[in-house]
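Report on the structure
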Amino acid sequence: MSTSATTRSAQDLLGVWHLVRWEITYDDGRATTYPFGPDATGLIQYTHDGGMAACIARANRPRLSSDSVRSAPEAERLAAFESFFQYAGLYEVREHQGRAQVVHHVSHALNPNFVGSDQVRNMDFAADGGLTLSASDQVPGSQTLRHHRLIWRR
């Protein structure tokens, strides 16, 4: 965090953001996808002391048939898991190859495979105050790249 542009970006990141859209585009030309639908909901929060938490959910998730998740039928528990994404930990802002990035150091996650990982996101602030976090990865089992773009508003 040595440049003023990076420091300004870190300061601008602070607070709670609401998901507008999570979209994925593909290098092979297939149609854009929306992992939790085009009307997904979510929050991401960045604190002044370096903490972060993010959650994204499919809109209008059905309630469980039981008051306790532990006694709900397995199919309902699986559907609840598959329609919700969450992780939390510490974060840092950096500049990498001229791009502002935020690195999420994951310590807690619904998906245990995320724990201990660093989730690197390119960070862009729009003139209207919006925030776009983006990253690319390879579609599992293929050579195709996919590009995640998450758009957030206060």
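Residues numbered from 1 in each chain as written. Predicted model: local features only at pLDDT ≥ 70, side-chain atom pairs only at ≥ 80, totals over all residues. Heavy atoms only, no water.

Regarding the pairing of strand β1 (residues 15–26)
We apply this condition: DSSP-based pairing: two strands are paired if at least 2 bridges between them are found. Put simply, DSSP H or I for four residues or longer makes a helix, DSSP E for two residues or longer makes a strand, and each gets a number counted from the N terminus.
When β1 meets strand β2 (residues 41–46), the two strands line up antiparallel, connected through 4 bridges. The residue bridging tryptophan 17 from the neighbouring strand is isoleucine 44, located in β2. Both β1 and strand β8 (residues 145–153) contribute to a ladder of 8 bridges, which runs antiparallel. Residue pairing for β8: threonine 25 is matched across the bridge by histidine 147.

Points about the side chain of serine 83
Test applied: Within 3.5 Å is the distance limit for a polar contact, defined as a pair of N or O atoms, with the added protein rule that one can donate a hydrogen and the other accept it, and that residues adjacent in sequence qualify only through two side-chain atoms. Working rule for contacts: check all heavy atoms of both residues, and any pair within 4.5 Å makes them a contact.
Turning to its location among the elements, serine 83 is positioned in the loop between α2 (74–82) and β4 (84–96). A polar side-chain atom of serine 83 sits 2.8 Å from a polar atom in the side chain of arginine 61. One polar contact links the side chain of serine 83 to the main-chain carbonyl oxygen of alanine 79, over a distance of 3.0 Å. Among all residues touching serine 83, those that are not within four sequence positions of it are Phe36, Ile56, Ala57, Arg58 and Arg61.

Examining a nonpolar patch on the surface
How we decide: Two distance rules govern patches: like charges are joined within 9 Å, and nonpolar side chains (Val, Leu, Ile, Met, Phe, Trp, Tyr) within 5 Å, applied only to residues with over 30% relative accessible area and no salt bridge. Only the protein chains shown count as covering a residue, and every accessible area follows the Shrake-Rupley method with a 1.4 Å probe. Any Lys or Arg side-chain nitrogen located within 4 Å of an Asp or Glu carboxyl oxygen qualifies as a salt bridge. Residue burial is assigned from relative accessible area. The probe radius is 1.4 Å, only protein chains are included, and a residue is buried under 20% of its type maximum, exposed over 50%, and partly exposed in between.
On the surface, a cluster of nonpolar side chains totalling about 260 Å² of accessible area is made up of Leu78, Phe81 and Leu110. With respect to the helices and strands, leucine 78 occurs in helix α2. Given the relative accessible area of 45%, leucine 78 is considered partly exposed.

Let's talk about the environment of arginine 153
Mapped onto the secondary structure, arginine 153 falls in strand β8. Between the C-alpha atom of arginine 153 and that of glycine 98, which follows or precedes it by 55 residues, the distance is 24 Å. Aside from chain neighbours lying at most four places away, what touches arginine 153 is Trp17, His18, Val20, Asp128, Gly130 and Leu131. At a separation of 3.2 Å, a polar atom in the side chain of arginine 153 contacts the side chain of aspartate 128.

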